[in-house]
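If you want the building blocks of each chain, they are given just below.
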Protein chains: 2
Amino acid sequence: MAESVSTERFLQIGEAAERASLTQRTLRYYEEKGLLSPPTRMDGGFRLYSPEDMERIDRIRQLKELLGFSLAEIKEMMEAEDIRLQIKAGWRKDADADEKADKVRLGREATLQQLALIDQKMEKMASLRAELAERVRKYDELLLRFAELPESEAATSQS
Amino acid sequence: MAESVSTERFLQIGEAAERASLTQRTLRYYEEKGLLSPPTRMDGGFRLYSPEDMERIDRIRQLKELLGFSLAEIKEMMEAEDIRLQIKAGWRKDADADEKADKVRLGREATLQQLALIDQKMEKMASLRAELAERVRKYDELLLRFAELPESEAATSQS
DNA sequence: AACAACGTTAACGCGCACGTCAATGTTTGT
DNA sequence: ACAAACATTGACGTGCGCGTTAACGTTGTT
C-alpha cells in the first residue's frame, strides 16, 4: 500500500499527460530530448511525475504554444527553470552561502533574458495589432460612405 | 528596354526573397500551397512580384513567425488580406455598390477575427510575463537576505 | 490466479515546411 | 555571339515533433 516514493501528489504518465493536455508519447519524447529530466520510477519501472515535473511540463507547453519556440530553443531557455526548481527543492547542504547567491543570480539573469524575449515579441504583436485596428477603422470609414451615398458610385478609393 | 508589365516596382524572385528575408524556394512553395496567387510573369516566364504581392508576403511572415500559425491556418486567415488587396487594386466595375459593401463587411469581420486571436495571445503572454517578473522579484528578495545575513544559514526557502 | 487497465521500450511512419540538387531556359552586358 | 547571372520546373532529401503499432511487463481488483 505504501510506495517508496511517497505516492502523494505524484502522477503516472497517463494522468500527467491528461492534466498537461499532452500525449504520453510527447512526455516521453521530451524526456528523450533532454527537456525533462528522467522522472522517478515505481519499482516496476512506471514513471512518476512530481509536482515540480508538472510545473516544468507546463512551462514547456507555454513556451512552445504561446511563444512558438522550438524544443531545442526551449531546452536552452529552461536553464532558469532548472535553477528555480533546484531552489524550491531545498538547497544542497554542501553548498555555502556564496555558492547559493551565485545560483540565485544566475536564475535571475536567465529569467530576465526570457522577459526580454517576451517583451520583444509583445512589441511586434502590438504593432501588428495596431495595423489591423487601423485597417478596421478604414473599413468602417468606407462603410459610412456607402451609407451616405446610397445609390451613386461610391468613390473608387486609393490608399 | 521596356517590358509589358511596367517594370517599375516589380521584383523578380531573387530580390523579392531577399527583401522579405525568405528563400526563393519558400516563395515558390507558398505559391504552390495557394498562399500566394500566381504572380505576373515576364515574357520568358520569370516571376514578377508586385508591391501588393510583397505586402502579402510580409503579412504571411508575420502571421507565421510572430503568431506561430501553420501555413494552412494562414491560408484561411488571408481571406481578409485578399479582400483588402482587391479593394486597394480598385473595384471591379462590374460590381454594384451593395456587392462592394458586402465585401468590405467581410474584410472587416475577418480582420476583427484576427484581432481577437492576437488579443487572446497577448493576454496569455502578459500573464506569463507577470509570472516571470514576480519570479525576478523573489530572486531579488532572496539576494537581499543573503546580503543582510552574510555568514549564517540563509533560510532554506519554501514557496 | 486471472484479467483488465495501465505502463514499458523499440522501431517505423508521417505531415509540414522547406533544402538541395539537376537539367534546362532566359536576360543582360560586352 | 557568347558568357555570366539569374530564373524555371521537377524530384528527391531532411529535420522536427510527434503518431502508431508491436511485443511485452506491471498493478490493482475480484
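Residues numbered from 1 in each chain as written. Chains lettered and ligands numbered in written order. Predicted model: local features only at pLDDT ≥ 70, side-chain atom pairs only at ≥ 80, totals over all residues. Heavy atoms only, no water.

**Some points on the overall build of chain A**
And then number 1: Assigned secondary structure in chain A consists of six helices and three strands.
And then number 2: Tracing chain A from N to C terminus, the helices and strands come up as β-α-α-β-β-α-α-α-α.
And then number 3: Within chain A, contacts between residues separated by at least 24 positions form 50% of all contacts whose residues are at least 6 apart in sequence.
And then number 4: Accessible surface for chain A amounts to roughly 9700 Å². Of this, 50% is attributable to carbon and sulfur atoms. (Helix = DSSP H or I, 4+ residues; strand = E, 2+ residues; numbered from the N terminus. Contact = heavy atoms within 4.5 Å. Areas by Shrake-Rupley, 256 points an atom, 1.4 Å probe, with all protein chains shown as cover.)

**Describing the side chain of Glu81 of chain A**
And then number 1: By the secondary structure assignment, Glu81 of chain A is in helix H5 (residues 79-88).
And then number 2: The class of Glu81 of chain A is buried, set by a relative accessible area of 4%. (Buried < 20%, exposed > 50% of the residue type's maximum accessible area, 1.4 Å probe, protein only.)

**Examining the confidence of the model for chain A**
And then number 1: For chain A, the average pLDDT comes to 88, and 87% of its residues sit at 70 or higher.
And then number 2: The complex prediction reports pTM at 0.85, with the ipTM value standing at 0.84. (pLDDT = per-residue confidence, 0-100.)

**A short note on the protein's contact with DNA strand D**
And then number 1: Taken together, the neighbourhood of DNA strand D is formed by 23 residues, with Thr23 and Tyr30 of chain A together with Gln12, Arg28 and Arg47 of chain B sitting nearest.
And then number 2: Within 4 Å of the protein, the contacting atoms of DNA strand D are 71% sugar and phosphate, with bases supplying the remainder.
And then number 3: Between DNA strand D and Arg25 of chain A, the relevant distance is 3.0 Å, taken from a base oxygen to a side-chain nitrogen or oxygen of the residue.
And then number 4: Contact distances for DNA strand D include 2.6 Å between a phosphate oxygen and a side-chain N or O atom of Arg28 of chain B.
And then number 5: Mapped onto the surface near DNA strand D, the elements with two or more residues apiece are helix H2 (24-32) of chain A together with helix H1 (13-20) and helix H2 (24-32) of chain B.
And then number 6: By residue number, the principal contributor to the surface near DNA strand D is H2 of chain A, which donates four residues. (Near = heavy atom within 4 Å. Polar contact = N/O pair within 3.5 Å; in protein donor to acceptor, adjacent residues only side chain to side chain.)

**Focus: the protein's contact with DNA strand C**
And then number 1: Around DNA strand C lies a shell of 23 residues, among which Gly14, Arg28 and Arg47 of chain A together with Thr23 and Tyr30 of chain B are the nearest.
And then number 2: When atoms of DNA strand C within 4 Å of the protein are split into backbone and base, the sugar-phosphate part holds 73%.
And then number 3: Contacts to DNA strand C include Arg28 of chain A, whose side-chain N or O atom sits 2.6 Å from a phosphate oxygen.
And then number 4: With respect to DNA strand C, the side chain of Thr23 of chain B contributes an N or O atom lying 2.7 Å from a phosphate oxygen.
And then number 5: Contributing elements (two or more residues each) for the surface near DNA strand C: helix H1 (13-20) and H2 of chain A together with H2 of chain B.
And then number 6: Looking at the surface near DNA strand C, the element that brings in the most residues is H2 of chain B, giving four residues.
And then number 7: Of the residues assigned to the surface near DNA strand C, the class counts are seven nonpolar, eight polar and eight charged. (Nonpolar A, V, L, I, M, F, W, Y, C, P; charged D, E, K, R; others polar.)

**Observations regarding the sheet that holds strand E2 (residues 40-41) of chain B**
Residues and elements named next belong to chain B.
And then number 1: Overall, antiparallel pairing links the three strands, which are arranged E1-E3-E2 in an open sheet. Pairing within the sheet leaves two strands with one partner each, and these edge strands are strand E1 (11-12) and E2.
And then number 2: Two elements, E1 and strand E3 (residues 47-49), share two bridges in a ladder whose sense is antiparallel. Counted as the bridge partner of Leu11 is Tyr49 from E3. (Pairing = 2+ DSSP bridges.)

**Focus on the packing of aromatic side chains**
Aromatic ring pairs are defined here through the distance separating the ring centres and the angle between the ring planes.
All names here are of chain A.
And then number 1: Scanning the model with the defined rule gives two aromatic pairs over all chains in all.
And then number 2: Each ring, one from Tyr29 and one from Tyr30, has its centre 6.5 Å from the other, and the planes form 50 degrees; the classification is tilted.
And then number 3: On the basis of relative accessible area, Tyr29 is assigned to the partly exposed category, the value being 31%.
And then number 4: Residue classification places Tyr30 among the buried residues on the basis of a relative accessible area of 5%.
And then number 5: Positioned over the ring face of Phe69 is Lys121, at 4.9 Å from the centre of the ring. (Phe/Tyr/Trp six-rings, centres within 6.5 Å; stacked < 30°, edge-to-face > 60°. Lys NZ or Arg CZ within 6 Å of the ring centre and 35° of its normal.)

**Comments concerning the pattern of salt bridges**
And then number 1: According to the stated counting rule, one finds 37 salt bridges over all chains in the structure shown.
And then number 2: In this structure, Glu55 of chain A and Lys88 of chain A form a salt bridge, with 3.1 Å as the shortest nitrogen-oxygen distance. Taken together, the residues span a long stretch of sequence, with Glu55 of chain A in helix H3 (residues 51-66) and Lys88 of chain A in helix H5 at a distance of 33 residues.
And then number 3: Overall, Glu55 of chain A belongs to the partly exposed group, its relative accessible area being 29%.
And then number 4: The partly exposed category is assigned to Lys88 of chain A, whose relative accessible area is 29%.
And then number 5: Between Arg105 of chain A and Asp102 of chain A there is a salt bridge whose closest N-O contact spans 3.2 Å. Residue Arg105 of chain A and its partner Asp102 of chain A are both found in helix H6 (residues 97-148); the two are separated by three residues, about one turn of the helix.
And then number 6: Here Arg105 of chain A falls in the partly exposed class, since its relative accessible area comes to 42%.
And then number 7: A single salt-bridge network, built from bridges that share partners, covers Glu55, Arg59, Glu81, Arg84 and Lys88 of chain A together with Glu131 and Arg135 of chain B. (Salt bridge = Lys/Arg side-chain N within 4 Å of Asp/Glu carboxyl O.)

**Details of the interface of chain B and chain A**
Put simply, an interface is often sized by how much accessible area is lost when its parts join up.
And then number 1: Opposite the 48 residues of chain B that make contact, chain A presents 47 residues.
And then number 2: Roughly 4800 Å² is buried in total at the junction of chain B and chain A, and carbon and sulfur atoms are behind 69% of that figure.
And then number 3: Contact with chain A buries area across many residues of chain B, yet Leu66, Met125 and Tyr139 of chain B alone supply 16% of it, more than any other trio.
And then number 4: Between chain B and chain A we count eight salt bridges in total.
And then number 5: The salt bridge partner of Glu81 of chain B is Arg135 of chain A, with a shortest N-O separation of 3.1 Å.
And then number 6: In this assembly, chain B and chain A are joined by eight residue pairs in polar contact (both at pLDDT 80 or more). (Buried area = accessible area lost by both parts, 1.4 Å probe.)

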